[in-house]
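Here is how the chains run, residue by residue.
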Amino acid sequence: MKNKFLIITFLLIASISKAQQSPFQKAFPLIDGYIDSLMKNWNIPGLALGIVYKDQLIYTRGYGYRDLENKLPVQSTTIFPIGSNTKLFTATAACMFAEEGKLHLDKPVRNYMPSLNFNNDELNAKVTIRDMLSHRTGVPRYDGIWKVYPFSRKEMIDKMSQMKPQLGLREGYIYNNMMYVASGAVMEGISGISWEDIIRKRFFQSLQMNASCFSNEDMMKSGNFSYAYFEPDSTRKLQRINWLTVNDAVGPAGTIKSNVEDMSHWMIAQLNAGKYKGEQVIPQTAIKQTRIPNTIADKESKWDELSNSIYCLGRTIQTYKGYKIAMHTGSIDGYYSNLTFVPSENIGIFMVHNSVSAESIRPIMAFPVIDLLLNLSKTSWSERYMKEYLKSKADSKRQKDSVNATQVKNTIPSHSLNNYIGKYTNPMYGEMNIEIQNNQLLLSLRGQNSLLYHFHYDQFNTKEEATGKPDFRINFFTNSKGEIDRFSVQLFGNTAEFVKKQ
């Protein structure tokens, strides 16, 4: 107990010492107050914050719990998945490859990976790494490929030829995780090592990011990691998410796990033209390349305090109350992060939390911290987004009620349940099984087994609201012989048809 007290005392003294070295120490108690209210209002069990100024981590703190059930606190060394803040690592690595003459950002990507096939000849002939890293290929997300399904990285990339574009090349912005996966694969082919090893050698080792990792297994082995939580009903009682939908093969788009201490090293290098502890870890030209505007990501700026955002490579740039900022957010399996830089003021902010109910605040959760650090006018960001969140929940309930109102009562399936069972396949998504358990249809998808509840006629729904697993609505169809031979289902935004194997 005495040793524990000495450790806590040492950490407090170290934190105070760091604060006294910065010009912002008066803001830190106010920032703590802001985060405490944010966590209370948004039902966030745990949150971590790190603030870098110039080449120092000047403030870091864990708030609340990484393990709510066992009351284990969040610390600056607690590992969280950072989601799409992984993308800046991938984009920076690509810019380093370009700097070394190993690839060209503006030449057709198939020059470096001939096996990479898109949906049409124009994309095959013209798409570049810059197009892929700035989300301007015109190809939609197809996130169902990497959520739930156990495809390898190669298998996922092979399916890109089936992804039909919604816009012409460079006509507009469509966020696409698969383009980052493919960009990582291009670098794998050039270097002969995995994307994970590229990031590990170029960044984790050089920046002493010793706790950072890629897999859930490695994160959990650390012993100091955060669980994620969601609200299964209106009581606001939180429940742990024990269901992980993300396939590690999507790595270059979003599987890095890190903590505030490690991410501060990344922020220091980004703020100091690639230097860390006097070493030029990242070429300055590579850092600059990631800040070049490529695609308008937000054509209609939502708030007066913000300009339109422009996507560069792995980050967006815009102005906030007259200050140019560079930022990106992350969202994965119930974890949400925000990495924001104010380059003119040499400030970097990293925040991450573990609550699905607070998903919508991730784009703005660093803004009040900027306001307090730079003594700017206060904007009620949390209140604004809470109003939108409540409206969204109400709209979602109305939509669900509207769908339920279409239910035709007292109908039965057109066939006996045995006629629905079987293995169904889709060329994009692979296989989904329908089985019977206790006289009820059961959907099996990777590790998820969900009972299907009859809605009406040949429509069935899963009911996984209380578990945090994905929900599905299945609509079965018959062939010319009257046999059940296929079904349609919406998978993470895309409607897909699965055909029964004969």
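The preceding data block contains the structure.
In this report, the structure presented in the accompanying data block is examined.

Reading guide: rules and limits
All residue numbers here refer to positions counted from 1 along the written sequence of the relevant chain. Only residues with pLDDT of at least 70 get local features here, since the model is predicted, and only at 80 or more are side-chain atom pairs given and counted; chain-wide, interface and lining totals rely on the full set of residues. Hydrogens are left out, water is left out, and the side-chain values use all remaining heavy atoms of the structure. Numbered from the N terminus, helices here are DSSP runs of H or I no shorter than four residues, and strands are runs of E no shorter than two. Between N or O atoms, a polar contact is any pair within 3.5 Å; within protein, one atom must be a potential hydrogen donor and the other a potential acceptor, and residues adjacent in sequence are included only when both atoms are from side chains. Contacts were defined at the residue level, with two residues in contact if any of their heavy atoms lie within 4.5 Å. Here a helix's expected span is defined as the number of its residues, less one, multiplied by 1.5 Å. Buried residues are those whose accessible area, probed at 1.4 Å on protein chains only, stays under 20% of the maximum for their type, while exposed residues exceed 50% and partly exposed ones sit between those limits. Note on definitions: angles span 0 to 180 degrees between N-to-C directions of axes, and those axes are lines fitted to C-alpha atoms, for helices only across the stretch in contact. Under this scheme an angle from 65 to 115 degrees is roughly perpendicular, one under 35 degrees roughly parallel, and one over 145 degrees roughly antiparallel; angles in between are oblique. Gly counts as polar in this scheme, as do all residues outside two lists: the nonpolar Ala, Val, Leu, Ile, Met, Phe, Trp, Tyr, Cys and Pro, and the charged Asp, Glu, Lys and Arg. If DSSP finds at least two bridges between two strands, the strands pair. Aromatic pairing here means that ring centres of Phe, Tyr or Trp (its six-membered ring) are within 6.5 Å. Orientation follows from the plane angle: under 30 degrees is stacked, over 60 is edge-to-face, and everything else is tilted. By definition here, charges over rings are those cases where NZ of Lys or CZ of Arg is within 6 Å of the ring centre and within 35 degrees of the ring normal.

For the rest of this paragraph, the subject is the side chain of N338. Looking at where N338 falls in the secondary structure, it is placed in strand 14 (residues 335–342). In this structure the side chain of N338 is engaged in a polar contact, spanning 2.5 Å, whose partner is the side chain of T340. With near-sequence residues (within four places) excluded, N338 lies in contact with N85, M327, H328, T329, I349, F350, M351, R362, P363, I364, M365 and A366.

Taking 1.5 Å of rise per residue, twelve residues should cover 16 Å, and helix 11 (residues 260–271) covers 16 Å from first to last C-alpha, within 8% of that figure. Counted residue by residue, helix 11 has eleven buried out of twelve residues, so it is predominantly covered. V260, D262, M263, S264, H265, W266, M267, I268, A269, Q270 and L271 are the residues of helix 11 that are buried. The N-cap of helix 11, judged by a side-chain oxygen 3.2 Å from the amide nitrogen of E261 a few residues on, is N259. A273 sits one or two positions beyond helix 11 and adopts a positive phi of about 55°.

A few words now on the packing of helix 7 (residues 177–191) against helix 8 (residues 195–204). Two elements in contact, helix 7 and helix 8, have axes whose closest approach is 8 Å; the angle formed by their N-to-C orientations is 80°. When the interaxial angle is binned, helix 7 and helix 8 end up roughly perpendicular. Facing helix 7, whose interface residues are G184, M187, E188 and S191, helix 8 presents W195, E196 and I198. For the contact of helix 7 with helix 8, a count of residues per class yields three nonpolar, two polar and two charged.

This part covers helix 3 (residues 87–99). Spanning 13 residues, helix 3 covers 18 Å between terminal C-alpha atoms, matching the ideal 18 Å at 1.5 Å per step. Buried residues dominate helix 3, accounting for eleven of its 13 residues. Within helix 3, the full set of buried residues consists of K87, L88, F89, T90, A91, T92, A93, A94, C95, M96 and F97. Following helix 3 by one or two positions, G101 adopts a phi angle in the positive range, close to 80°.

The subject of this paragraph is the side chain of H265. Checked against the element boundaries, H265 lands in helix 11. If we ignore the near neighbours within four places in the chain, the residues touching H265 are L207, Q208, M209 and Y276.

Backbone geometry at Y142 places phi at a positive 50°, although glycine is not the residue there. Along the polypeptide, Y142 turns up in the loop between helix 5 (129–133) and helix 6 (153–158). Taking the relative accessible area as the measure of exposure, Y142 reaches 12% and is therefore buried. A positive phi angle is found at Q208, which is not glycine, with a value near 55°. Looking at the secondary structure, you find Q208 in the loop between helix 8 and helix 9 (216–221). Residue Q208 is classed as partly exposed on the basis of its relative accessible area, which comes to 35%.

For strand 14, a buried count of eight out of eight residues is recorded, marking the element as mostly surrounded by other parts of the structure. Residues Y335, S337, L339 and F341 point to one face of strand 14 and Y336, N338, T340 and V342 to the other, with burial holding for every one of them. Looking at chain direction, strand 13 (residues 323–332) and strand 14 are connected through seven bridges and run antiparallel. Bridged to G330 within strand 14 is S337.

Now for the sheet that holds strand 24 (residues 494–500). Strand order in the open sheet formed by nine strands is 19-18-17-16-24-23-22-21-20, with antiparallel pairing between adjacent strands. Both outer strands of the open sheet, strand 19 (448–451) and strand 20 (453–456), are each paired with one neighbouring strand and no more. Across the sheet, the mean angle separating the axes of adjacent strands is 30° when strand polarity is ignored. Two strands pair when backbone bridges link them, and strand 21 (residues 459–461) and strand 22 (residues 473–478) are joined in this way by three bridges, in the antiparallel orientation. Directly across from N461, in strand 22, lies its bridge partner R473.

In this structure the tally under the stated criterion is 24 aromatic pairs. Ring centres 5.4 Å apart and planes at 50° place the aromatic pair W42 and Y389 in the tilted group. Taken together, the residues W42 in helix 2 (residues 28–42) and Y389 in helix 14 (residues 381–405) connect sequence positions 347 residues apart. Residue class for Y389 comes out partly exposed when judged on its relative accessible area of 21%. Aromatic side chains Y320 and F367 sit 4.4 Å apart centroid to centroid with 10° between the ring planes, which places their arrangement in the stacked category. Within this pair, whereas Y320 is found in strand 12 (residues 316–320), its partner F367 is found in helix 13 (residues 367–374), the two being separated by 47 residues in sequence. In this structure an aromatic cluster arises from ring pairing among F89, W195, F203, F204, F214 and W266. For the cation-ring pair, K102 lies above F97, with the distance from its terminal atom to the ring centre recorded as 5.4 Å.

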